[in-house]
Amino acid sequence: MHWTDDGIVLSARPHGESSAVVQLLTRGQGRHAGLVRGGQGKRARGIYQPGNLVAANWTARLAEHLGNYTCELVESHAARVLDDPPRLAALSAAAAVSETALPEREPHPACFEGFLALLAALPGDHWAEVYVRWELALLAELGFGLDLESCAAGGANDQLAYVSPKSGRAVSLAAGEPYRDKLLPLPGFLIGRGGGGAAEVEQGLALTGFFLERHVFAPHHRDLPAARRRLAERFPALPA
Amino acid sequence: MAGRGVRAGADCAKHEYVMTVSDIDRLIQLLARLPGLGPRSARRAALRMIQKPETLMLPLAAALERAAENIHACSACGNLDAGDPCAICRDPGRDAGVICVVEAVGDLWAIERSGAFKGLYHVVGGTLSALDGRGPAQLNIATLVARVQAGAGGAPGAGQPGAGQPGEVILALSATVDGQTTAHYIAERLEGLGVAVSRLGQGVPVGGELDYLDDGTLSAAFKARRPVS
């Protein structure tokens, strides 16, 4: 068995003295693990950092085997954000959420492209808003997409302000007012209103975190990854 | 195989030292667990020890026993030493105003080998890792914060003359995602405690050629550039 593909490093766990089991998010093979011989070595460690884009070559005798990776670094995204705590937190959170949320060996090209777009947006100003959108897209890709187009209660669609925690559908300001304590706030930037900012990102992270926890992690008796929780704790402390 | 006695080396009879094959297997298995040793090299090491019980095996066994009994983590900094506080914390010649934070004792030893640092250390015992389930509570971070608040001497009676609050904490953690996440976390925990927090520089290594450097190191080197004096 053999394939080559682009992959984003999600994690690298030590295996034995010098090898590592590396999880990649690939375009055509989905989340896929493989053994990297010498993966703990001085040269290899820089390659297998979460967020790095690699050209991966996987070989195994049988398809169900763990197999061996040989990878070449294409783009070192991790190094760009190492000295920037919030962006590094976002990168760690995205890698941890991808690793724990995505099923293994199930192709999700949209997740790969989405992660690449997030990595490209990280150095920019609106990286936090992009992160929230990325989690929304991840939910949609896993079959738990939110409907933020129209009001679930028949209210005006130009005043959407909440999301129903039950249905995952938007609710207008007027229709949701009596239930505002039970509804989740819908940040404006997700429906093309408002420019985002720390407070809205906090709302966005709470929104996606709620549905990720309920639909993706709770069925497997897991919590949101610690890296994701640490990212959420950074808002709204951050400036817009 | 147990019970089939073998004579181990020429001195065996003299010392009434007879090993069974299962003893040898057990020794080889234990040696093979050590870093750098596989079953073959463990077998070679075991054979050498068996052949030289007086000069190799018995002194080694005694040293291992003594080390297991006496070596503990320093209650102030987490370093491994026979004394508590460790020799570094007790050393009056070291600069108590600077604490260098490292991931593991191996890193501390590496810095000590370089001779580049003459302050005190703090071993946090790893990095934050969501996937491996290592959170702040699993690391030696709370003790660092307490140490900064209380003074560089750490635990009472640390033997640090003139130990006041340290002026600087140097974060010497790995330039990896986990290492830097931990560094940022520690820096945030130390905020407002009146201590300067710095980290090791990153860039071109000694003997490094630009052509062979990875993109990350190069971009770090550009960010950390400084004027030529």
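This text goes with the structure placed above it.
Residues numbered from 1 in each chain as written. Chains lettered and ligands numbered in written order. Predicted model: local features only at pLDDT ≥ 70, side-chain atom pairs only at ≥ 80, totals over all residues. Heavy atoms only, no water.

What follows deals with the overall build of chain A. Helix and strand content of chain A: eight helices and eight strands. Against the 2.2 N^0.38 benchmark of 18 Å for 240 residues, chain A shows a C-alpha radius of gyration of 19 Å, consistent with a compact globule. Principal-axis analysis of the C-alpha atoms places the extent of chain A at approximately 60 × 35 × 25 Å. Expressed as a percentage of its 240 residues, the buried residues of chain A come to 51%. If you take every contact in chain A between residues at least 6 apart in sequence, the share linking residues at least 24 apart comes to 55%. Surface exposure of chain A reaches about 10,800 Å², of which carbon and sulfur atoms provide 52%. With 23 positive and 26 negative side-chain charges, chain A shows a spacing of 5 Å between the two charge centroids. (Helix = DSSP H or I, 4+ residues; strand = E, 2+ residues; numbered from the N terminus. Rg over C-alpha atoms; globule rule 2.2 N^0.38 Å. Buried < 20%, exposed > 50% of the residue type's maximum accessible area, 1.4 Å probe, protein only. Contact = heavy atoms within 4.5 Å. Areas by Shrake-Rupley, 256 points an atom, 1.4 Å probe, with all protein chains shown as cover. Lys, Arg positive; Asp, Glu negative; His and termini not counted. Charge placed at Lys NZ, Arg CZ, Asp CG, Glu CD.)

The next point concerns the packing of helix α3 (residues 85-101) of chain A against helix α7 (residues 198-217) of chain A. Residue and element names in this part refer to chain A. Remark: α3 packs on α7, axes separated minimally by 11 Å, with the N-to-C direction vectors making an angle of 25°. With respect to α7, the element α3 is oriented roughly parallel. The interaxial crossing formed by α3 with α7 has left-handed handedness. Contacts from Val-97, Thr-100 and Ala-101 of α3 reach α7 at Leu-212, Val-216 and Phe-217. Tallied by class, residues from the contact of α3 with α7 come to five nonpolar, one polar and no charged. (Axes fitted to C-alpha atoms, helices over the stretch in contact; angles between N-to-C directions. Parallel < 35°, antiparallel > 145°, perpendicular 65-115°, else oblique. Left-handed = near helix turned anticlockwise from the far one by under 90°. Nonpolar A, V, L, I, M, F, W, Y, C, P; charged D, E, K, R; others polar.)

We now examine unusual backbone geometry. Most peptide bonds adopt trans geometry, and most residues besides glycine take a negative phi value. Cis geometry marks the peptide bond from B:Asp84 to B:Pro85, where omega comes out at 0°. In this structure, B:Pro85 sits in the loop between β4 (80-81) and α5 (87-90). The backbone phi angle of A:His221 is positive, close to 55°, even though this residue is not glycine. The residue A:His221 is located in the loop between α7 and α8 (226-233) in this model.

With that out of the way, let us pick up the packing of aromatic side chains. All names here are of chain A. A full pass over the atoms with the stated rule returns seven aromatic pairs over all chains. Considering the side-chain rings of Trp-3 and Trp-58, the 5.7 Å spacing of their centres and the 20° angle between planes classify their relative orientation as stacked. Taken together, the residues Trp-3 in strand β1 (residues 2-15) and Trp-58 in strand β4 (residues 53-59) connect sequence positions 55 residues apart. Note on Trp-3: relative accessible area 11%, which makes it buried. For the ring pair Phe-210 and Phe-211, a centre distance of 5.1 Å and an interplane angle of 85° mean the geometry is edge-to-face. The exposure class assigned to Phe-210 is partly exposed, which follows from its relative accessible area of 29%. Taking the relative accessible area as the measure of exposure, Phe-211 reaches 1% and is therefore buried. In textbook terms, an aromatic cluster arises when at least three aromatic residues are bridged by ring pairs, as seen for Trp-3, Trp-58 and Tyr-69. (Phe/Tyr/Trp six-rings, centres within 6.5 Å; stacked < 30°, edge-to-face > 60°.)

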